[in-house]
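# Commentary on secondary and tertiary structure
The chain contents come next:
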Amino acid sequence: MSVLEIQNLHKSFDGNVVLDGVSLAVEKGDVVSVLGPSGSGKTTFLRCINFLEKADSGTLIFAGETLDLSSVSRRQIHAVRMRTGFVFQNYNLFLNKTALQNVTEGLIIARRTDRKTAEEKGMRMLEKVGMADRADYYPSQLSGGQQQRVAIARALATDPEIIYFDEPTSALDPELIGEVLAVMRQLAEEGMTMLVVTHEMGFARNVSSHSIFMENGKIVEQGPSREFFSNPKMERTREFLRMEENRDLLDSHASRQ
């Protein structure tokens with residue numbers, strides 16, 4: 001059964017087509033990696049299905065409700081967001097609030113959870129991502145990897161049916177990427193449904209159940225990750241994967257210098 005289905009999603013900015021008929025289904029427990037070069041439409045796709053951008057046309061089916069993305073109501077947006085989580089590239093934490101307060105803010109304000117219950121749940125989520133000992137720290141006192149783990153804890157605290165990740169490691173120094181990917185791997189093993197825009201080929205290959213390659217606003221190829229990486233059908237996909245593999249080798253060599 002699909003947790004999420006997107007049909008024929010279109011989006012343009014000032015006449016430039018960014019998404020050109022994207023369709024995708026995500027099943028419960030899937031970890032779907034969305035890959036592609038910069039400018040391929042990956043992040044815009046994620047932002048459209050979470051209503052951070054308004055699509056020109058397309059359909060979203062979520063929790064049994066079919067929504068027209070070009071005319072979705074505030075009530076419908078709120079209902080979907082209450083059942084989804086979003087982890088941003090640049091953390092989006094409140095700088096004047098502690099790690100625990102960042103996790104509990106949405107529970108207390110948006111979901112009207114009493115403070116004691118929210119703080120108990122917030123601590124459980126921080127413990128889950130290895131940040132319980134930093135609950136009273138402010139973002140400025142945390143590394144990028146630690147801030148991103150707090151952001152993941154914030155998303156988990158809402159008990160989402162699916163979490164969207166928008167390049168969650170791209171703003172991190174190389175040595176901090178592993179700690180965030182380890183948390184995401186753990187969530188995958190626990191059965192969390194995730195849709196992940198990423199440049200991390202190792203995560204896509206080894207953790208994702210499905211991988212998608214996008215270019216020029218279209219899905220060029222998609223399939224089970226094992227098959228996607230071992231036997232890509234499209235030449236453009238093969239070319240992209242070769243380039244990424246070469247980049248990873250160069251990065252690995254540089255890190256040893």
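The coordinates are above.
Residues numbered from 1 in each chain as written. Predicted model: local features only at pLDDT ≥ 70, side-chain atom pairs only at ≥ 80, totals over all residues. Heavy atoms only, no water.

Turning next to the pattern of salt bridges. Scanning the entire structure with this criterion turns up 15 salt bridges. In this structure, R47 engages E53 in a salt bridge whose closest nitrogen and oxygen atoms are separated by 3.6 Å. Taking relative accessible area as the criterion, R47 reaches 27% and is therefore assigned partly exposed. On the accessibility criterion, E53 (25% relative accessible area) is partly exposed. Taken together, the shared-partner salt bridges connect E215, R236 and E239 into one network. (Salt bridge = Lys/Arg side-chain N within 4 Å of Asp/Glu carboxyl O. Buried < 20%, exposed > 50% of the residue type's maximum accessible area, 1.4 Å probe, protein only.)

This part is about helix α5 (residues 144–156). Look at α5: 18 Å from first C-alpha to last across 13 residues, which is about the 18 Å you get at 1.5 Å a residue. Counted residue by residue, α5 has 13 buried out of 13 residues, so it is predominantly covered. (Helix = DSSP H or I, 4+ residues; strand = E, 2+ residues; numbered from the N terminus. Expected span 1.5 Å × (residues − 1).)

Counted according to the given criterion, the structure contains 4 aromatic pairs. For the ring pair F86 and F88, a centre distance of 4.5 Å and an interplane angle of 45 degrees mean the geometry is tilted. Taken together, a centroid distance of 6.2 Å and an interplanar angle of 70 degrees make the contact between F86 and Y164 edge-to-face. Of this pair, F86 sits in strand β6 (residues 84–87) while Y164 sits in strand β7 (residues 162–166), and the two are 78 residues apart along the sequence. (Phe/Tyr/Trp six-rings, centres within 6.5 Å; stacked < 30°, edge-to-face > 60°.)

Along helix α2 (residues 74–81), the residues classified as buried are Q76, I77 and V80. Projected down its long axis, α2 carries its buried residues within an arc of 100 degrees, all on one side. In this structure, α2 carries R74 and R75 as exposed residues pointing more than 90 degrees from its buried face. The elements touched by buried residues of α2 are β4 (57–62), β5 (65–68) and β6. (Arc of directions from axis to C-beta. Contact = heavy atoms within 4.5 Å.)

One open sheet holds the 4 strands; their spatial order is β2-β1-β4-β5, and the pairing between them is antiparallel. The sheet terminates laterally at β2 (16–27) and β5, the two strands that pair on one side only. Each strand of the sheet is rotated relative to its neighbour by a mean of 15 degrees, with strand direction disregarded. Running over the sheet, helix α1 (residues 42–49) touches β1 (2–13), β2 and β4 and is turned about 115 degrees from β1. (Pairing = 2+ DSSP bridges. Axes fitted to C-alpha atoms, helices over the stretch in contact; angles between N-to-C directions.)

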